[in-house]
Amino acid sequence: MKRTNQFVLILTAFMLFFSCTEVSTNKNQGDSSATKADPAWTIDDVPVAAGVVMENRYPKTKISLPGGVIGYQDLVYQQISGYRPQRLDLYLPADTTTSHPLIMYIHGGGWQNGHSRNSGAFDNWPATLAMLASRGYVVTSINYRLGGEEKFPAAIQDVKTAIRWLRANAGEYGIDKEKFMVWGASAGGHLAALAGTSSGVKELEPVNLSDELAAESDQVQATVCWYGIFDLTGMGEGGGPGGYFAGTAKLASPVNYVDETDGAFLLIHGSEDPVIPYQQSIDFNELLTANNLKSSVHIIPGVAHSFVGETAESTKGASIEALQMVMDFMDDVFKSN
C-alpha cells in the first residue's frame, strides 16, 4: 500500500506540473533564439526544389516536461495520398548519453474513434507517458487510420509503419532498435497483440514503403494488452463495429499467428468487462504459454472495460494497479539483465 501511495504521489506531481512547459523550436542557435530573432527572409532566400515537395518543413516543437523529459508532438510518420497524415508524440528521457528501450502506446476506441492522448479513465495521459519516459524509456503514442477512413488492415499497417519509422530514426531520438514494446488498450490491445505476433505476415505488411522504411523490421520484443480481443471470428458476418472486419476476422485475429519467435506478453483485463469478455485474455495467455512464450494474465476483480469500477476510488485503484504492472513488466523485460 505504501508503494502504491508513493507511486500515486509521483504520478500526481507529473499531472499537476505538466502544463508548465517550455516550448522552443529546434534551431541551431539554442536558447539565444528566444532573445535574438533571425533576420526576415527576402525573396532571394526562398528555396525551390526540382520537383514537388511533400515533406513537412514546419519546425519541430520541443516541449520541456517534468523530470527533464523532452516531448515532441505531432511528428508525421506516414503520409499516404488521399489520407490525413499519421502522427505520433514522442517523450524522451533526460539521459542522452545512451540509447533507451522504446515503448509504443496504441489507443483504443473500437477501431472507429480515439486519440493518442487518451486512455481509459486516466485524466492526463500525456503526463502519465512523460512519467514513464523519466524512468529511462523513449515513449511514443501513435494515431492510426480509423474505420471511417479505411477498413482493416489499414490500422495494423499503420502500426507496423510507425515501428519501422521509429527504428529508421533511432539515432536521432536515442532509441535502442533491439528493445521495442507495443502496448495498447481495447482496440489498441488487439492491434498491439497483432503487431506482437504477425511480423513477416505478408497480408498485414504496409504497402508502398520507402526504401528507408522497407529496410527496417517491425518485429517487437514485448507486448502489453489491456482488455484486448484476440480471436475476432466470433464477431459474425457483420464484422464488428462499422463492419470494420467484414470478411477479414480470421486474418485480423492474433491467435492465428502465435509462435515461439514472439516476445514476452502481459495481459490485463477487468473481471466485469461487458464489452470484451476477460476469457479472451485467459485463452490467449494459454495459447502463448503453450508456444513456450513468457506470458502472464491478470484479471482485476470488480472492474469493467477501461478498468472502470462502481466508484471513483475503485476505478483509480484498478487503473494504477494495471499501470504499475506495466512498469514492472517493462523493467523486467528490458532492465533485469
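Calculation notes
Residues numbered from 1 in each chain as written. Predicted model: local features only at pLDDT ≥ 70, side-chain atom pairs only at ≥ 80, totals over all residues. Heavy atoms only, no water. Helix = DSSP H or I, 4+ residues; strand = E, 2+ residues; numbered from the N terminus. Buried < 20%, exposed > 50% of the residue type's maximum accessible area, 1.4 Å probe, protein only. Contact = heavy atoms within 4.5 Å. Areas by Shrake-Rupley, 256 points an atom, 1.4 Å probe, with all protein chains shown as cover. 1 Å grid on protein atoms, 1.4 Å probe; cavity = no way out; pocket = protein on both sides within 12 Å on 5 of 7 lines; lining within 4 Å. Points joined across faces, edges and corners; volume = space filled by probe spheres on them. Nonpolar A, V, L, I, M, F, W, Y, C, P; charged D, E, K, R; others polar. Salt bridge = Lys/Arg side-chain N within 4 Å of Asp/Glu carboxyl O. Pairing = 2+ DSSP bridges. Axes fitted to C-alpha atoms, helices over the stretch in contact; angles between N-to-C directions. Parallel < 35°, antiparallel > 145°, perpendicular 65-115°, else oblique. Left-handed = near helix turned anticlockwise from the far one by under 90°. pLDDT = per-residue confidence, 0-100. Phe/Tyr/Trp six-rings, centres within 6.5 Å; stacked < 30°, edge-to-face > 60°. Lys NZ or Arg CZ within 6 Å of the ring centre and 35° of its normal.

Q: Teacher, can you tell me more about the overall build of the protein here?
A: In terms of regular secondary structure, the protein is built from 8 helices and 10 strands. Per-residue burial for the protein yields a buried fraction of 48% across its 337 residues. Contacts in the protein between residues far apart in sequence, at least 24 positions, make up 76% of those at least 6 positions apart. Of the roughly 16,200 Å² of accessible surface on the protein, a fraction of 52% belongs to carbon and sulfur atoms.

Q: What am I meant to see in the layout of surface pockets here?
A: Considering only enclosed or pocket space, the largest pocket measures out at about 1,000 Å³ in volume. In terms of lining, the largest pocket is formed by 34 residues, of which the most central are Val76, Tyr77, Gln78, Gln79 and Trp165. For the lining of the largest pocket, the element with the highest residue contribution is strand S3 (residues 70–78), accounting for 6 residues. Of the residues in the lining of the largest pocket, the class split is 13 nonpolar, 11 polar and 10 charged.

Q: Would you mind showing me how to read the environment of Ile63 here?
A: Within the fold, Ile63 resides in strand S2 (residues 61–64). Counting along the chain gives 10 residues from Ile63 to Gln73, while the straight-line C-alpha distance between them is 8.2 Å.

Q: What's the story with helix H5 (residues 187–197) in this structure? I'm lost.
A: Quick reminder: α-helices carry 3.6 residues per turn. Residues three or four places apart thus point the same way. Counting buried residues along H5, 11 of its 11 residues qualify, which places the element largely inside the surrounding structure. Burial in H5 covers these residues: Ala187, Gly188, Gly189, His190, Leu191, Ala192, Ala193, Leu194, Ala195, Gly196 and Thr197.

Q: How should I be thinking about the pattern of salt bridges in this particular structure?
A: Oppositely charged side chains may form a pair once their charged atoms are brought near each other. In this structure the tally under the stated criterion is 12 salt bridges. Arg117 serves as the salt-bridge partner of Asp74, at 3.1 Å between the closest nitrogen and oxygen. Placement of Asp74 in strand S3 and of Arg117 in the loop between strand S5 (100–106) and helix H2 (125–133) is noted, with a sequence separation of 43 residues between them. Residue Arg117 is classed as partly exposed on the basis of its relative accessible area of 26%. Salt-bridge contacts for Glu205 lead to Arg164; the nearest nitrogen and oxygen are separated by 2.7 Å. With Glu205 in the loop between H5 and helix H6 (211–214) and Arg164 in helix H3 (residues 154–168), the pair connects residues that are 41 residues apart, well separated along the chain. The exposure class of Glu205 is buried, given its relative accessible area of 17%. Residue Arg164 is classed as buried on the basis of its relative accessible area, which comes to 7%. Here the residues in one salt-bridge network are Lys160, Arg164, Glu205 and Asp218, joined through shared partners.

Q: Even after reading the chapter, I still don't get the pairing of S5, so can you show me in this structure?
A: Each regular strand displays side chains that alternate between the two surfaces of the sheet. Among the 7 residues of S5, 7 are classified as buried, and the element is accordingly described as predominantly covered. Sheet topology note: the S5/strand S7 (residues 175–185) ladder contains 6 bridges and is parallel. Across the sheet, His100 pairs through a bridge with Ile175, a residue of S7. In terms of strand pairing, S5 meets strand S6 (residues 138–142) through 5 bridges, oriented parallel.

Q: Help me understand the packing of H3 against H5, please; the structure alone is not making it clear to me.
A: Two quantities define a packed helix pair, namely the angle between the helix axes and the distance between the axes. Contact pair H3 / H5: the axes reach a minimum separation of 10 Å and the direction vectors enclose 60 degrees. Judged by the inter-axis angle, H3 sits oblique to H5. Where H3 crosses over H5, the handedness of that crossing is right-handed. Listed contacts from H5 to Ala155, Ile156, Val159 and Ile163 of H3 are Leu191, Leu194 and Ala195. Within the contact of H3 with H5, the residues separate by chemical class into 7 nonpolar, no polar and no charged.

Q: Please clarify how the confidence of the model for the protein should be interpreted in this entry.
A: Do not read the predicted coordinates in detail wherever pLDDT is low. For the protein, per-residue confidence averages 90 on the pLDDT scale, and residues scoring 70 or more make up 89% of the total. This model gives residues 19–35 a pLDDT under 50, and the stretch forms 19 contacts once residues within four places in sequence are excluded.

Q: I'm lost on the packing of aromatic side chains in this one. Help?
A: Counted under the stated rule, the structure contains 18 aromatic pairs. Ring centres of Tyr244 and Phe245 lie 4.7 Å apart, and the angle between their planes is 85 degrees; this geometry places the pair in the edge-to-face category. Cluster of aromatic residues (ring-pair linked, three or more members): Tyr105, Phe122, Trp125, Trp183, Trp226, Tyr227 and Phe307. Against the face of Tyr72 rests Lys60, its NZ or CZ located 5.4 Å from the ring centre. Residue placement shows Arg145 over the ring face of Tyr83; its charged tip is 4.8 Å from the ring centre.

Q: Looking at this model, I keep getting lost on unusual backbone geometry. Mind explaining?
A: Excluding glycine, a negative phi dihedral is what most residues carry, and trans is how most peptide bonds are arranged. Cis geometry marks the peptide bond from Phe152 to Pro153; its omega dihedral reads 15 degrees. The residue Pro153 is located in the loop between S6 and H3 in this model. The backbone of Asn292 shows a phi angle near 65 degrees, a positive value even though the residue is not glycine. Of note, Asn292 is situated in the loop between helix H7 (279–290) and strand S10 (295–300). Although it is not a glycine, Phe307 adopts a positive phi angle of roughly 60 degrees.

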